[in-house]
Amino acid sequence: MIDLRSDTVTKPTEAMRRAAYEAEVGDDVYGEDPTVTRLEEKAAELLGKEKALFVTSGTQGNQIAALTHCRPGDEVILEASSHIYIHEVGGFSTLANVQIRPIPGINGAMDPVEVKNTIRSENIHYPTTSLVCIENTHNLAGGAVLPLSNMQAIYQVAKVNNLQVHLDGARLFNAQVASGISVKEYAKNADTVQFCLSKGLGAPVGSIIAGTEAFIKRARKWRKMLGGGLRQVGIIAAPGLVALEENIEQLAEDHAHARIFAEGLATIDGIRVENKVETNIIIVNVKETEHTPETFVDALKSKGILAGVFGLDTVRFVTHYDVSREDIDKALIAIQAIV
Ligand SMILES: Cc1ncc(COP(=O)(O)O)c(C=O)c1O
């Protein structure tokens, strides 16, 4: 099977497996796992933040951000198709007890003026706006890279109004590789940053959340409460270190594969690529074929290609390091055959 459903399906590399085997470990709840400490220090340095914390998943990192930044009853501004709003099981409202105020964006980017106008004024009837969340790259916008200027403008609005900014950078390294702007530069426009080691970077488990020392101290407690305080976790932090040391550059190849795939798709009758394909995600409209997204995905599966149903008329493909150039060609041939 050629698995183009997501970049979460990558298998750990030999180097990651070896690193896990050889990892020096200790009890991380006591702060005694040297491998985790190394990973957290490296992540903090890459992001230009004081401290970082290894968490089990991107979802856990985002939830910890809300729990740490907000008080129950606060309001959080975020983009209407953001992962936090659509795909985190309503955790912000259930766990952090905050109200979400979604703003529809363009290619995942909220208009800074709209963000400003959405901030609550002081009024006995209103919740307190305390946090703005940004997502870069933006998953449901097809891996769109948020312009740095957009992040800067939103950060400025937030600071003038005394709000915190959290960046859901599950795929922030894809943004770096696509734009040439460093993760550090992006991270300057957020108080806290979450990024995933287990997406295109290929680690089997884990995410990082980074911010000030005081923030991370409080975040560590929330992580413990959520059951994310782990023991000899250097075993899984070690592949994360390999991901940061060896796998960032190869994202460029994933992006190149995605572009080649999109160009190939554009030549197939009835198929329309819906997004700009800036990184590793391709959203394909199949409305003008004989298929629904479900039958399209089933037909492709029978030819050994896995894709994901994305929307009413759309299917999603994601490139990653377990997908070769030949796999892209095979997928194009399979799509040509089924439409
Ligand atoms: C933008 C974004 N944020 C957060 C997450 C959550 O990451 P995890 O699956 O590790 O919980 C994802 C997962 O796809 C994502 O795309």
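The coordinates are above.
Overview of the structure. Just so it is clear, the structure is predicted and the values come from calculations on it, not from any experiment.

**Structural notes on the sheet that holds strand β2 (residues 51-55)**
Thinking step 1. With mixed pairing, seven strands are arranged side by side in an open sheet as β2-β8-β7-β6-β5-β3-β4. Each edge of the open sheet is held by one strand with a lone partner, namely β2 and β4 (99-103). Looking at each pair of strands side by side, their axes are set apart by 20 degrees on average, direction ignored.
Thinking step 2. Running at roughly 125 degrees to β2, helix α2 (residues 34-47) makes contact with β2, β7 (192-196) and β8 (207-211) of the sheet.
Thinking step 3. Contacts from helix α10 (residues 213-225) reach β2, β7 and β8 within the one sheet, and its direction differs from that of β2 by about 15 degrees.

**Concerning unusual backbone geometry**
Thinking step 1. At the junction of N136 and T137, the peptide bond is cis and its omega measures out at -5 degrees in the coordinates.
Thinking step 2. By the secondary structure assignment, T137 is in the loop between β5 (129-135) and α7 (148-160).
Thinking step 3. Phi at V277 takes a positive value of approximately 55 degrees, unusual for a residue other than glycine.
Thinking step 4. Its place among the elements puts V277 in the loop between β9 (272-273) and β10 (281-285).

**A closer look at the site of the ligand**
Thinking step 1. Near the ligand, the surroundings consist of 13 residues, among which G58, T59, N139, D168 and R171 are the closest.
Thinking step 2. G58 places a polar main-chain atom, nitrogen or oxygen, 2.8 Å from an oxygen atom of the ligand.
Thinking step 3. Separating an oxygen atom of the ligand from a side-chain N or O atom of K199 is a distance of 3.0 Å.
Thinking step 4. Residue contributions to the shell around the ligand peak at three residues, all from helix α3 (residues 58-69).
Thinking step 5. Looking at the shell around the ligand residue by residue, the classes come out as two nonpolar, six polar and five charged.

**Topic: the packing of aromatic side chains**
Thinking step 1. Scanning all chains against the criterion turns up two aromatic pairs.
Thinking step 2. Arranged with centres 5.0 Å apart and planes meeting at 85 degrees, the rings of F173 and F195 form a pair that is edge-to-face. Here F173, found in helix α8 (residues 172-179), pairs with F195, found in strand β7; they are 22 residues apart in sequence, far enough to count as distant. With respect to class, F173 is no different from F195; both count as buried.
Thinking step 3. Here F261 and F317 contribute two aromatic rings whose centre-to-centre distance is 4.9 Å and whose plane-to-plane angle is 85 degrees, an arrangement assigned as edge-to-face. Separated by 56 residues along the polypeptide, F261 in helix α12 (residues 251-266) and F317 in strand β13 (residues 314-318) bring together distant segments of the chain. For the residue pair F261 and F317, the accessibility class agrees, reading buried in each case.
Thinking step 4. Above the plane of the ring of Y126 lies R120, whose end atom (NZ or CZ) is 5.1 Å from the centre.

**A short note on the sheet that holds strand β12 (residues 308-309)**
Thinking step 1. With antiparallel pairing, four strands are arranged side by side in an open sheet as β9-β10-β13-β12. Both edges of this open sheet fall to β9 and β12, since each of them pairs with a single strand only.
Thinking step 2. Relative to β10, β9 runs antiparallel, the two being bridged by two bridges. Looking at the pairing, R272 lines up with N285 of β10.
Thinking step 3. Where helix α13 (residues 293-301) meets the sheet, its contacts fall on β12 and β13, and the angle it forms with β13 comes to roughly 40 degrees.

Thresholds, definitions, all that
- Residues numbered from 1 in each chain as written.
- Predicted model: local features only at pLDDT ≥ 70, side-chain atom pairs only at ≥ 80, totals over all residues.
- Heavy atoms only, no water.
- Pairing = 2+ DSSP bridges.
- Helix = DSSP H or I, 4+ residues; strand = E, 2+ residues; numbered from the N terminus.
- Axes fitted to C-alpha atoms, helices over the stretch in contact; angles between N-to-C directions.
- Contact = heavy atoms within 4.5 Å.
- Near = heavy atom within 4 Å.
- Polar contact = N/O pair within 3.5 Å; in protein donor to acceptor, adjacent residues only side chain to side chain.
- Nonpolar A, V, L, I, M, F, W, Y, C, P; charged D, E, K, R; others polar.
- Phe/Tyr/Trp six-rings, centres within 6.5 Å; stacked < 30°, edge-to-face > 60°.
- Buried < 20%, exposed > 50% of the residue type's maximum accessible area, 1.4 Å probe, protein only.
- Lys NZ or Arg CZ within 6 Å of the ring centre and 35° of its normal.

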